[in-house]
Structure formats: C-alpha cells, structure tokens
Amino acid sequence: MSTTEDQATTLREAVQRARAGGPERHRVKAAEQGKLPVRERVASLLDGGSFTEDGLLARCETDGEGADGVVTGVGTLDGRPVAVIANDPTVKAGSWAPGTVEKMLRLQERAAQIRCPIVYLVDSAGARINEQVRMFPGRRGAGRIFYNQVRLSGVVPQVCVLFGPSAAGGAYIPAFCDIVIMRDGNASMYLGSPRMAEMVIGERVTLEEMGGARMHTAKSGVGHALVATDEEGIAFARRYLSYMPTHFEAATPVAPAVAPASAKALSELIPADENKPFDIHDVLDALLDEGSFLEIHARWAKELVVGYGRLGGRVTGVVANQPKVKGGVLFTDSSDKAARFIQTCNAFNLPLLFLADVPGFMIGTQVEREGIIRHGAKLVSAVSEATVPKISVILRKAYGAGLYAMAGPAFEPDCCIALPGAHIAVMGPSAAINAVHYNQLQAIADESEREARTQELREEYARDIDILHLASEQVVDAVIEPEQLRGELIRRFALAATRVREWPAKRNPVTPV
C-alpha cells in the first residue's frame, strides 16, 4: 500500500472515530437515559442535509475519539442560517478541553460574522480539571465564550436546549442565552454540585433540588421551558426560532393569517365584576391566531403570562396579567419575568401587546424585604426603554403602578385601549375609600349606616374613574367593544410597524437589578 493510500486510510479511520463519538459503553448509557446521539440532535434541529460541520478532526491525534466532545457548524432552519454548538456526552461526559473551547469560540465568531442565531445543545460535565491551565484562564480560554455571548446578546438570538448537566462555570452558557429549554429528569445546572455543597457548606441536597429542570423552571426562573424528551426540547427550539428574525436588523418571519382557536366572545370570557377571576389563556385563544401562542416561563411567576403569538400572521409578544393566579398582582418574580421578556422583544423588533387586569404590585413586609420596589423599577425601566410598537389594553382594571408596568399612557404606547367597564386609578374603590375616609367611617356608630355610607363613597369614587370620563379626558385613546378588539389590534399594529425607534444616546442606563 502506498503512502498516499495509507494516509487516506488513516484519515477515513479518524473521521469514522470522530463521528462515532465516545466509547460504546458511553453510547449505551446515553441511550438508556433516553438521549439522542449528538448528531441526531443536530439533524433534528436543522433542515435535512443542510449542516456543514467545522473542526470534525479537532484533537483527533490527541484524544483519538469524538472530535473533542463538541460538534460545531452551521446549517439552516426553515431555509435560514443557524449556528450550532452541541456537546457530545459520550466523549468524557461532554467536558471541555482546550480544543473544545477553541471550537466553540470559532463558531461564535462565525455566527457574529454572518449574523445568524446560535443554538447551544448543552450536555456537559464542565471543564477538564487536568487541562485547566490551557483552557480556563487565558485570552482564548473558557471565559471568552461568555464574553462572546454578551457581545452577541441582542444581535442574534441565542437558544439553549439543556439535555444533561451544565456544571460550574458552564452553567453561564444557559444564563446568557435568550431562552433555556430544560429536559425533565436529565437536565441540570448548578455552580456547585451536591457533593461540593456538602463538603464546603455542610448542606445535603439532591441534584434535582440543587439545580434540576423542575426547580429552575418553577423556582429560580433560570429555565424558561420544561420538556419531557430530547425531541420535544428540539421542537420547542425550532418553534421559538420561527418567531425570531435571523438578527436584530432582519425581518421577522410572517405566517399565513388564521382565525382564533376560540369563537367565544370576550364579553363572555371576562366577568364584569373586577374581583371575579378568569383565565387569561381563554382570552388569548379568542384573540390570537389559532395554535400560535408559545408561552415562555409557564411554570414560573404564574400571576403573569408572557409569550409569542401571531395576530393576522404577524408575530406579537404578549404580556398579560393572570387574574386566576393571586388575582394578577405583580410580585418580584413576575416583575423580572416581564422585564426580561420585554427586553427580548425589544431587542429583536417584536411588537408588544399588554393585556392589563392588574390590582397593582404586592405590598407587605415580605415583598419589601425581597426588593419589590427594585424589581418593579426594573420592569418599569424595560417598558420605558421598549421602542417597538406597543399597545396597552385595559381589560378591566389597571391600578397604581400596575398601570405603569403594563405600558400605560405615560410610557408612549402607540395607543392605550380600554374595554367598556374598565377602570384606571391609583387604587380600587374599596382600598381608596378605606385610605381616604377610614376615620370618618369609623366615627359612624350604626353599622348599617356605616355600610351604606361606605357604599355611597365607593360608587362616587367609581364614577370618577369611569371609562367614559377617562376617554373624555383623553387618558385612553379608544374604548373598544370586546368583539372588535382583535381586528382593532391587527389594524393598529400594522399602522405602527414603521414606528421610529429613537432613544437618547448614552453609554448605558443604570438599570435596577
């Protein structure tokens, strides 16, 4: 056999080893956990035959397996370019070596050059400690990955699908992404493992309690979506990207317009009594194109609903109070949830629809200690900074700073619409009468007389904040019958599409955190 033939054989064997990934026993273990092989994950994400891989033979002469535990390259999704970084858990548990980091950096730089989304398919045990000097601290070390993520933030969409662990410093990859999709039972992220926590701080805790998918999607808010399988996680990522432009200056995908899923009238879905709860999802089913709503953070801070939908085929970000959970009152977590969502929509030029039925922000010792003022200010900052088209709809009520959080008139919405019977005020009638007339009412000895006077004052207050009075004072731009709302929104968003996006030049805002 000639030298050329020997080289060709050696090359074919190296390619075969690289594509195979780690040892057979590791591939079997991954299959037992219900994990798709790394290249099947990539293939499921992208259009068939579109993936162009880079660095397949990285460190093949050093490790002799798995192209250093990460697959990188660019393909297309629905015909649009998408960059992919995918850990291979069968190669040393997807851990990072110097070559791993270099491949990831080059792919990030490539995505920046061609301005396309990056999808991180994460399943990694973190850094290889025995190679830390070469991969951790330097200018082309692991820290550069996070630096690149921050630079790319708001330039291109960044999506993380977490299939397994994302440990220690590697946990910041999901944290810097726009959305984190976590697989139930397998996915986890944490700065310190349960074993480390026990050794360092004496805490005994399970992996799920420390950083599991259910905890992060319901408690910490670091995870945005919980899925049952690898396939479901990839499908969620594909659907998410279908709402996003390729980069922040690109056009947003448009779909054929379809009628809403529900034919029920909004007047039937929204009780006239502002104290009676209802499910805002029913309203969304009657407003948005059928099957178009993709809820984000569905398990976290459920008193507020956020997600992407379509109105007449065009993408719209939705921020809606949920009256059936805690009365729709805003808490610290729901403030953070809304602020992050608004910032994402504004970054990628997605118009915002606010559906307000909010008593205001929560009060009390606990929330004050949690920093409700700081978190609320973060939300109000996000609403203020959003220069995309935004429409505020007052479904029943918007009291106190809840009006500000839901893009009330002072925050330059393209319009503020109210349904008949809606109220806007510093506070509701009961709270207002108690605040202003408490001493006067307590001075009335006769209980029935006191109750009658209380009711009289409430009715007087309600007349002052009546929607006709508010429209007369131009507090609201229009009062719309519920059955006309969908058509009104489609027309108004179309008229606002060319909105000029201006904001004062500055280095950066000093935003509450």
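Scroll up a little and you will see the structure.
Report on the accompanying structure.

Rules and cut-offs
- Residues numbered from 1 in each chain as written.
- Predicted model: local features only at pLDDT ≥ 70, side-chain atom pairs only at ≥ 80, totals over all residues.
- Heavy atoms only, no water.
- Helix = DSSP H or I, 4+ residues; strand = E, 2+ residues; numbered from the N terminus.
- Buried < 20%, exposed > 50% of the residue type's maximum accessible area, 1.4 Å probe, protein only.
- Contact = heavy atoms within 4.5 Å.
- Areas by Shrake-Rupley, 256 points an atom, 1.4 Å probe, with all protein chains shown as cover.
- Lys, Arg positive; Asp, Glu negative; His and termini not counted.
- Charge placed at Lys NZ, Arg CZ, Asp CG, Glu CD.
- Patch = residues over 30% accessible without salt bridge, like charges linked within 9 Å, V, L, I, M, F, W, Y side chains within 5 Å.
- Salt bridge = Lys/Arg side-chain N within 4 Å of Asp/Glu carboxyl O.
- Pairing = 2+ DSSP bridges.
- Axes fitted to C-alpha atoms, helices over the stretch in contact; angles between N-to-C directions.
- Parallel < 35°, antiparallel > 145°, perpendicular 65-115°, else oblique.
- Left-handed = near helix turned anticlockwise from the far one by under 90°.
- Nonpolar A, V, L, I, M, F, W, Y, C, P; charged D, E, K, R; others polar.
- 1 Å grid on protein atoms, 1.4 Å probe; cavity = no way out; pocket = protein on both sides within 12 Å on 5 of 7 lines; lining within 4 Å.
- Points joined across faces, edges and corners; volume = space filled by probe spheres on them.
- Phe/Tyr/Trp six-rings, centres within 6.5 Å; stacked < 30°, edge-to-face > 60°.
- Lys NZ or Arg CZ within 6 Å of the ring centre and 35° of its normal.

Things to note about the overall build of the chain
When you go through the chain residue by residue, the secondary structure sums to 21 helices and 16 strands. Its C-alpha atoms give the chain principal-axis dimensions of about 105 × 55 × 45 Å. By residue count, 50% of the 513 residues in the chain fall in the buried class. Here the contacts in the chain between residues at least 6 apart in sequence split such that 73% fall between residues at least 24 apart. Of the roughly 23,900 Å² that the chain leaves accessible, carbon and sulfur atoms contribute 53%. Once the 56 positive and 62 negative side-chain charges of the chain are each reduced to a mean point, those two points are 7 Å apart.

Re a negative patch on the surface
Taken together, the side chains of D446, E447, E449 and E451 make up a negatively charged region of the molecular surface. Note that D446 resides in the loop between helix 18 (429–442) and helix 19 (447–464).

Notes on the side chain of S334
Relative to the helices and strands, S334 is located in helix 14 (residues 332–347). Discounting chain neighbours no more than four positions away, the residues touching S334 are A301, E303, L304 and V329.

Focus: the pairing of strand 2 (residues 70–77)
Side chains on a regular strand alternate between the two faces of the sheet. Most of strand 2 is tucked away: 7 of the 8 residues are buried. Two elements, strand 1 (residues 52–54) and strand 2, share 3 bridges in a ladder whose sense is antiparallel. In the strand pairing of strand 2, T52 is matched with V74. Relative to strand 3 (residues 80–87), strand 2 runs antiparallel, the two sharing 8 bridges. Bridge pairing in strand 3 links V74 to A83. Joining the antiparallel neighbours strand 2 and strand 3 is a turn of 2 residues, in which D78 adopts a positive phi near 55 degrees.

Details of the packing of helix 18 against helix 19
Running from amino to carboxyl end, helix 18 crosses helix 19 at an angle of 140 degrees, the nearest separation of the two axes being 10 Å. As summarised for this structure, helix 18 and helix 19 are arranged oblique, according to the angle between their axes. Here helix 18 runs over helix 19; the crossing is right-handed. Facing helix 18, whose interface residues are P429, S430, A432, I433, H437, Q440, L441 and Q442, helix 19 presents R450, R453, T454, L457, R458 and Y461. Of the residues belonging to the contact of helix 18 with helix 19, the class tally is 6 nonpolar, 5 polar and 3 charged.

Some points on the layout of surface pockets
Taken as a whole, the largest pocket spans an internal volume of roughly 1,100 Å³. If you trace the largest pocket, you find 29 residues lining it, with S153, D178, R340, Q343 and T344 closest to the centre. Breaking the lining of the largest pocket down by element, the ones donating at least two residues are helix 7 (172–175) and helix 14. Take the lining of the largest pocket: its biggest share by element is 7 residues, from helix 14. When grouped by side-chain class, the residues that make up the lining of the largest pocket number 14 nonpolar, 10 polar and 5 charged. A volume near 530 Å³ is recorded for the second largest pocket. Along the wall of the second largest pocket there are 20 residues; nearest its centre are R314, N349, P351, F493 and A497.

Section: the pattern of salt bridges
One pass over the structure, following the stated rule, counts 24 salt bridges. Where D336 meets K378, a salt bridge forms, and the shortest distance between an N and an O atom there is 3.0 Å. In this pair, D336 sits in helix 14 while K378 sits in helix 16 (residues 372–385), placing the two residues 42 residues apart along the sequence. Accessibility classification places D336 together with K378 in one group, the buried group. Here K397 and D357 are joined by a salt bridge, their closest N and O atoms 2.5 Å apart. On the criterion of sequence distance, the pair formed by K397 in strand 13 (residues 390–399) and D357 in strand 12 (residues 352–358) is long-range, its members being 40 residues apart.

Here we look at the environment of L162
By secondary structure assignment, the location of L162 is in strand 5 (residues 158–167). Overall, the relative accessible area of 0% leaves L162 in the buried class. In this structure L162 touches V122, I181, M182, R183, A187, S188 and M189, once residues within four positions along its chain are discounted.

Let's talk about the packing of helix 14 against helix 16
Angle between the axes and distance between the axes: these two values describe a pair of packed helices. Where helix 14 meets helix 16, the closest approach of the two axes is 8 Å, and the angle between their N-to-C directions is 20 degrees. Judged by the angle between their axes, helix 14 and helix 16 are roughly parallel. For the pair helix 14 and helix 16, the crossing hand works out as left-handed. Counting all contacts with helix 14, which are made through T332, S335, D336, A338, A339, I342, Q343 and N346, the residues of helix 16 involved are I372, H375, G376, K378, L379, A382, V383 and E385. Partitioning the contact of helix 14 with helix 16 into residue classes produces 7 nonpolar, 6 polar and 3 charged.

Structural notes on unusual backbone geometry
Non-glycine residue K92 carries a positive phi angle of around 50 degrees. Assignment of secondary structure puts K92 in the loop between strand 3 and helix 4 (98–114). Even without a glycine there, the phi angle at A93 is positive, about 60 degrees. By secondary structure assignment, the location of A93 is in the loop between strand 3 and helix 4. Exposure remark for A93: the relative accessible area of 37% places this residue in the partly exposed category.

Notes on the packing of aromatic side chains
Tallied over the entire structure, the rule returns 8 aromatic pairs. For the ring pair Y240 and Y308, a centre distance of 5.7 Å and an interplane angle of 80 degrees mean the geometry is edge-to-face. Placement of the pair is Y240 in helix 11 (residues 230–241) and Y308 in strand 10 (residues 304–311), with a sequence separation of 68 residues. For the pair Y240 and Y308, a shared accessibility class is recorded, and that class is buried. Connected via pairs of aromatic rings, a cluster forms that spans W96, F146, Y172 and F176. Geometry around F163 places R41 over its ring, the cationic atom sitting 3.9 Å from the centre.

Shape descriptors only; they carry no functional weight alone.
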